[in-house]
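Next come the chains, spelled out residue by residue.
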Amino acid sequence: MFDERDLMDGLNESNKGAFSLLFRAYYKDLVLFGGNFLPGDKEACEDVVQSIFLKLWNDRQTIVIETSIKSYLLKAVRNACLDELRHRNIVHEHELYVQATRIADEMDAENYILYSDLQRHLQKALDKIPRLCREAFEMNRFDGLKYREIAERLQLSERTVEVRIAKAIDLLKKYMKEFLM
């Protein structure tokens, strides 16, 4: 076996042999350990372990390991795997958001097209309705006036307003039948 303290000293002195010995001794076990957190994703586990060893090499002269090297590496792999899971969750949530936004945008576009088509057909149908019926209908449906208010403005009876609006509705149904089917 080997003495971890000697390996750490060798690592601190940029001894590639010490690093290589550490890598060969712990790599497979660390990849298997990572599989507990990232089951079925050996490639991700290997990436995590390799990044841990890369960090160990890059920080070799400043790193302070107060426990055993193996404990340090196990904890580093566990933390990196948990970070990977958090990252995957964020990516998944973002993908869901993008998908929902795309669907909403498509629906908004479709609704806009349908609405503008409806508006165009409605305007054409309104243009075919006699002026007096159209006027009463628009005051009621577009301006929100009640029959009594329309009657007062046009100096008509409420019954006349009611008849004109009913006629406008019947004609609109007839003229827009193809669009509404």
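Please read these numbers as outputs of a predicted model, since none were measured by experiment.

## Re the state of the cysteines
Thought 1: In total, this model carries zero disulfides according to the counting rule given.
Thought 2: Free cysteine Cys 45: the closest other cysteine sulfur is in Cys 81, separated by 5.4 Å.

## Section: helix 1 (residues 4–12)
Thought 1: Of all the residues in helix 1, the buried ones are Leu 7, Met 8, Gly 10 and Leu 11. Down the axis, helix 1 shows its buried residues gathered within 160 degrees of arc, on one side only.

## Let's talk about the pattern of salt bridges
Thought 1: What the rule picks out here adds up to nine salt bridges.
Thought 2: For the salt bridge of Asp 41 with Arg 88, the shortest nitrogen-to-oxygen distance reads 2.4 Å. In this pair, Asp 41 is assigned in the loop between helix 2 (16–34) and helix 3 (42–58) and Arg 88 in helix 4 (residues 69–128), connecting sequence segments 47 residues apart.
Thought 3: Residue Glu 46 pairs with Lys 42 through a salt bridge whose shortest N-O separation is 3.8 Å. Placement of both Glu 46 and Lys 42 in helix 3 is noted, with a separation of four residues, approximately one turn of the helix.

## A short note on the confidence of the model for the chain
Thought 1: When pLDDT is averaged along the chain, the result is 88; 93% of the residues meet or exceed 70.
Thought 2: Element-level pLDDT for the chain is lowest in helix 8 (residues 177–180), with a mean of 74, against a maximum mean of 94 in helix 3.

## Thoughts on the nonpolar core
Thought 1: In this structure, Leu 22, Phe 53, Leu 56, Ile 69 and Leu 73 are the most contacted members of the largest nonpolar core, which totals 27 residues.
Thought 2: By residue number, the principal contributor to this core is helix 3, which donates eight residues.
Thought 3: For Phe 53, the residues in contact, after removing those within four places along its chain, are Phe 19, Leu 22, Phe 23, Tyr 26, Tyr 27, Leu 30 and Leu 73.
Thought 4: Ranked by size, the runner-up nonpolar core spans 17 residues in total, among them Leu 122, Phe 137, Leu 171 and Leu 172.

## Notes on the packing of helix 2 against helix 3
Thought 1: Their axes nearest at 9 Å, the elements helix 2 and helix 3 cross at an angle of 150 degrees. In terms of orientation, helix 2 and helix 3 fall into the roughly antiparallel class. The handedness of the crossing between helix 2 and helix 3 comes out as right-handed. Along the contact surface, helix 2 presents Lys 16, Phe 19, Leu 22, Phe 23, Tyr 26, Tyr 27, Leu 30, Val 31 and Gly 34, while helix 3 presents Lys 42, Cys 45, Glu 46, Val 49, Gln 50, Phe 53, Leu 56 and Trp 57.
Thought 2: Considering only residue class, the contact of helix 2 with helix 3 consists of twelve nonpolar, two polar and three charged.

What counts and how
Residues numbered from 1 in each chain as written. Predicted model: local features only at pLDDT ≥ 70, side-chain atom pairs only at ≥ 80, totals over all residues. Heavy atoms only, no water. Disulfide = S-S within 2.5 Å. Buried < 20%, exposed > 50% of the residue type's maximum accessible area, 1.4 Å probe, protein only. Helix = DSSP H or I, 4+ residues; strand = E, 2+ residues; numbered from the N terminus. Arc of directions from axis to C-beta. Salt bridge = Lys/Arg side-chain N within 4 Å of Asp/Glu carboxyl O. pLDDT = per-residue confidence, 0-100. Core = buried A, V, L, I, M, F, W, Y, C linked by side-chain atoms within 4.5 Å. Contact = heavy atoms within 4.5 Å. Axes fitted to C-alpha atoms, helices over the stretch in contact; angles between N-to-C directions. Parallel < 35°, antiparallel > 145°, perpendicular 65-115°, else oblique. Left-handed = near helix turned anticlockwise from the far one by under 90°. Nonpolar A, V, L, I, M, F, W, Y, C, P; charged D, E, K, R; others polar.

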